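Each chain, letter by letter, is given below.
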Amino acid sequence: MIVALVQNDMMVECFKVLGDMSSSGCVPDVSTYKELIECMCLAGKTEAAYKLLEEMGNKGYPADIVTYNCFLKVLCDNKERDEVLRLYQKMTEVGCVPSVQTYNLLIVMFFRMGDVDGAFETWHEMSKRGCVRVTETYCVMIEGLFDNNATEEACFLL
């Protein structure tokens, strides 16, 4: 119900359902919040999604890396660079450690935007934070470099 209400721009009704859930003893959990945040982002309601993220923490359900990555995925897919960087900053400030999937999302977004330097900055940020690169990370980086005509760098990584 919550997802359908958000998708149909019925935010007042959506929050009423959340309130009804809580008052009837069915407390929304991280999964509920994650779905709601993802739908809000898809519907272009980024500020409302941020407020919900904050509310999650206030209600004793701090967002985990899965929640942040879902939020980031939608923003990255929409190439909302400033919002992506804002959310990345927020998650690190609250102590949520970025995962290899987080960095892969960011690298893909930068390449889709033609920002090879941004992809390399993210690549180096992984090392600084002690995040081990996996095969998928190398694949994302190499493919992005080839797609952005950075053949020499791609061959070096390969």
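Please read all numbers here as calculations on a predicted model, not as lab measurements.

**So, the pattern of salt bridges**
Throughout the structure, instances matching the rule amount to seven salt bridges. Glutamate 47 serves as the salt-bridge partner of arginine 86, at 2.8 Å between the closest nitrogen and oxygen. Highlighted residues: arginine 86 in helix H6 (residues 81–93) and glutamate 47 in helix H4 (residues 46–58), separated in sequence by 39 residues. Salt-bridge contacts for aspartate 115 lead to arginine 81; the nearest nitrogen and oxygen are separated by 2.3 Å. Of this pair, aspartate 115 sits in the loop between helix H7 (100–112) and helix H8 (116–128) while arginine 81 is found in helix H6, placing the two residues 34 residues apart along the sequence. Because the salt bridges share partners, they merge into one network encompassing Glu47, Glu83 and Arg86.

**A short note on the UniProt feature "repeat: PPR" (unreviewed entry) in the chain**
Residues given the UniProt feature "repeat: PPR" (unreviewed entry) here are residues 29–63, 64–98 and 99–133. Secondary structure within residues 64–98 divides into 74% helix and 0% strand; the distance between the first and last C-alpha atoms comes to 10 Å. The distance separating the terminal C-alpha atoms of residues 99–133 is 10 Å; by composition the span is 74% helix and 0% strand.

**Quick notes on the packing of H6 against H7**
Contact geometry of H6 with H7 gives a least axis separation of 11 Å together with a crossing angle of 160 degrees. The angle between H6 and H7 falls in the class roughly antiparallel. Our pair here, H6 against H7, has a crossing hand that is left-handed. Contacts between H6 and H7 involve Arg81, Val84, Leu85, Tyr88 and Met91 from the former and Thr102, Tyr103, Leu106, Met109 and Phe110 from the latter. Tallied by class, the residues present in the contact of H6 with H7 amount to eight nonpolar, one polar and one charged.

**Regarding helix H3 (residues 30–42)**
Here H3 is 13 residues long and its end C-alpha atoms lie 18 Å apart, about the 18 Å a rise of 1.5 Å per residue gives. Looking only at H3, the buried set comprises Thr32, Tyr33, Lys34, Leu36, Ile37, Cys39, Met40 and Cys41. Buried residues along H3 sit against helix H1 (2–7), helix H2 (11–23), H4 and helix H5 (65–77). Immediately beyond the C-terminal end of H3, within one or two residues, lies glycine 44, with a positive phi of roughly 80 degrees.

**Describing the environment of glycine 44**
With respect to the helices and strands, the residue glycine 44 is situated in the loop between H3 and H4. A C-alpha to C-alpha distance of 12 Å links glycine 44 and lysine 79, two positions 35 residues apart in sequence.

**With respect to the packing of aromatic side chains**
Counted by the stated rule, this structure contains three aromatic pairs. Plain terms: the ring middles of tyrosine 50 and phenylalanine 71 are 5.2 Å apart, the flat faces sit at 50 degrees to each other, and that makes the pair tilted. Of the two residues, tyrosine 50 is situated in helix H4 and phenylalanine 71 in helix H5; the sequence distance between them amounts to 21 residues. Just as tyrosine 50 is buried, phenylalanine 71 falls in that class too. The cationic tip of arginine 86 hangs over the ring face of tyrosine 50; the distance from NZ or CZ to the ring centre is 4.0 Å. Its guanidinium or amino end placed over the ring of tryptophan 123, arginine 133 lies 3.8 Å from that ring's centre, counting from NZ or CZ.

**Comments concerning the layout of surface pockets**
Of the pockets and cavities examined, the largest pocket occupies roughly 190 Å³. Arg81, Leu85, Tyr88, Gln89, Tyr103, Leu106, Phe110, Gly118, Glu121, Thr122 and Glu125 are the residues that line the largest pocket. Those elements that provide at least two residues to the lining of the largest pocket are H6, H7 and H8. Along the lines of polarity and charge, the residues of the lining of the largest pocket split into five nonpolar, three polar and three charged.

Analysis parameters
- Residues numbered from 1 in each chain as written.
- Predicted model: local features only at pLDDT ≥ 70, side-chain atom pairs only at ≥ 80, totals over all residues.
- Heavy atoms only, no water.
- Salt bridge = Lys/Arg side-chain N within 4 Å of Asp/Glu carboxyl O.
- Helix = DSSP H or I, 4+ residues; strand = E, 2+ residues; numbered from the N terminus.
- UniProt positions renumbered as here; feature names shortened; annotations may be inferred.
- Axes fitted to C-alpha atoms, helices over the stretch in contact; angles between N-to-C directions.
- Parallel < 35°, antiparallel > 145°, perpendicular 65-115°, else oblique.
- Left-handed = near helix turned anticlockwise from the far one by under 90°.
- Contact = heavy atoms within 4.5 Å.
- Nonpolar A, V, L, I, M, F, W, Y, C, P; charged D, E, K, R; others polar.
- Expected span 1.5 Å × (residues − 1).
- Buried < 20%, exposed > 50% of the residue type's maximum accessible area, 1.4 Å probe, protein only.
- Phe/Tyr/Trp six-rings, centres within 6.5 Å; stacked < 30°, edge-to-face > 60°.
- Lys NZ or Arg CZ within 6 Å of the ring centre and 35° of its normal.
- 1 Å grid on protein atoms, 1.4 Å probe; cavity = no way out; pocket = protein on both sides within 12 Å on 5 of 7 lines; lining within 4 Å.
- Points joined across faces, edges and corners; volume = space filled by probe spheres on them.

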